[in-house]
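# Examination of the molecular architecture
The lines below spell out each chain.
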Amino acid sequence: KRPDGVGTEDEGQRVLGVEASARGLVMRVTLLGAGFIVGPNGASIHQIEAVTGARVYSFNRAADAHVARVTRQFHIDGPP
């Protein structure tokens, strides 16, 4: 659970970037937007993994020179 007030800023919630990696894709998303990707109790992630055979994992990423707030970074690894 994120701390109160984190990820609920009055700014657009969206995918901030997608890049190809050696094993799949890396996607950076605002925290509130990440909740829609994950789904209730991880249901959307579980479905993506079951249907595609990909492995999805994520972690919070601190603000940096490109994005001025905490975001969620997803790694989607699997066959093309």
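Just above sits the structure.
Bear in mind the structure is a predicted one, so any value in this text is a computation, not a measurement. (Residues numbered from 1 in each chain as written. Predicted model: local features only at pLDDT ≥ 70, side-chain atom pairs only at ≥ 80, totals over all residues. Heavy atoms only, no water.)

## Quick notes on the overall build of the chain
The secondary structure content of the chain amounts to two helices and four strands. When the helices and strands of the chain are placed in sequence order, the string is β-β-α-α-β-β. Pairs at least 24 residues apart make up 45% of the contacts formed inside the chain by residues separated by at least 6 positions. Summing over all exposed atoms, the chain offers an accessible surface of approximately 5400 Å²; the carbon and sulfur share of this is 58%. (Helix = DSSP H or I, 4+ residues; strand = E, 2+ residues; numbered from the N terminus. Contact = heavy atoms within 4.5 Å. Areas by Shrake-Rupley, 256 points an atom, 1.4 Å probe, with all protein chains shown as cover.)

## Regarding the layout of surface pockets
Approximately 150 Å³ is the volume found for the largest pocket. The wall of the largest pocket is formed by L16, G17, V18, E19, V26, M27, R28, R61, H66, V67 and Q73. Of all elements in the fold, only β1 (15–20) and β2 (24–30) reach the threshold of two or more residues within the lining of the largest pocket. Across the lining of the largest pocket, the residue classes break down as five nonpolar, three polar and three charged. (1 Å grid on protein atoms, 1.4 Å probe; cavity = no way out; pocket = protein on both sides within 12 Å on 5 of 7 lines; lining within 4 Å. Points joined across faces, edges and corners; volume = space filled by probe spheres on them. Nonpolar A, V, L, I, M, F, W, Y, C, P; charged D, E, K, R; others polar.)

## Side note on unusual backbone geometry
What you tend to see is this: most non-glycine residues have negative phi, and most peptide bonds are trans. Even without being a glycine, N41 presents a positive backbone phi close to 55°. Along the polypeptide, N41 turns up in the loop between α1 (31–38) and α2 (43–52).

## Section: the side chain of H75
By the element assignment, H75 lies in strand β4 (residues 71–77). Judged by relative accessible area, which is 15%, H75 ranks as buried. Polar side-chain contacts of H75 include one of 3.1 Å to the side chain of Q73. Ignoring any residue separated from it by four or fewer positions in sequence, one finds H75 in contact with L25, V26, R55, V56, Y57 and F59. (Buried < 20%, exposed > 50% of the residue type's maximum accessible area, 1.4 Å probe, protein only. Polar contact = N/O pair within 3.5 Å; in protein donor to acceptor, adjacent residues only side chain to side chain.)

## Quick look at the pairing of β1
One ladder, built from five bridges, connects β1 with β2; its direction is antiparallel. Bridge pairing in β2 links A20 to L25. Hairpin remark: β1 followed by β2, antiparallel, with three residues in the connecting loop. (Pairing = 2+ DSSP bridges.)

## Quick word on the nonpolar core
By size, the foremost hydrophobic cluster in this structure holds six residues: M27, V29, A34, I45, V56 and F74. Discounting chain neighbours no more than four positions away, the residues touching V29 are R14, V15, L16, A34, I37, T71, R72 and F74. (Core = buried A, V, L, I, M, F, W, Y, C linked by side-chain atoms within 4.5 Å.)

## Some words on α1
Within the span of α1, buried status applies to L31, G33 and A34. Projected down its long axis, α1 shows its buried positions confined to an angular sector of 145°, all on one face. Close packing links the buried residues of α1 with β2, β3 (55–61) and β4. G39, located one to two residues past α1, shows a positive phi value of around 80°. (Arc of directions from axis to C-beta.)

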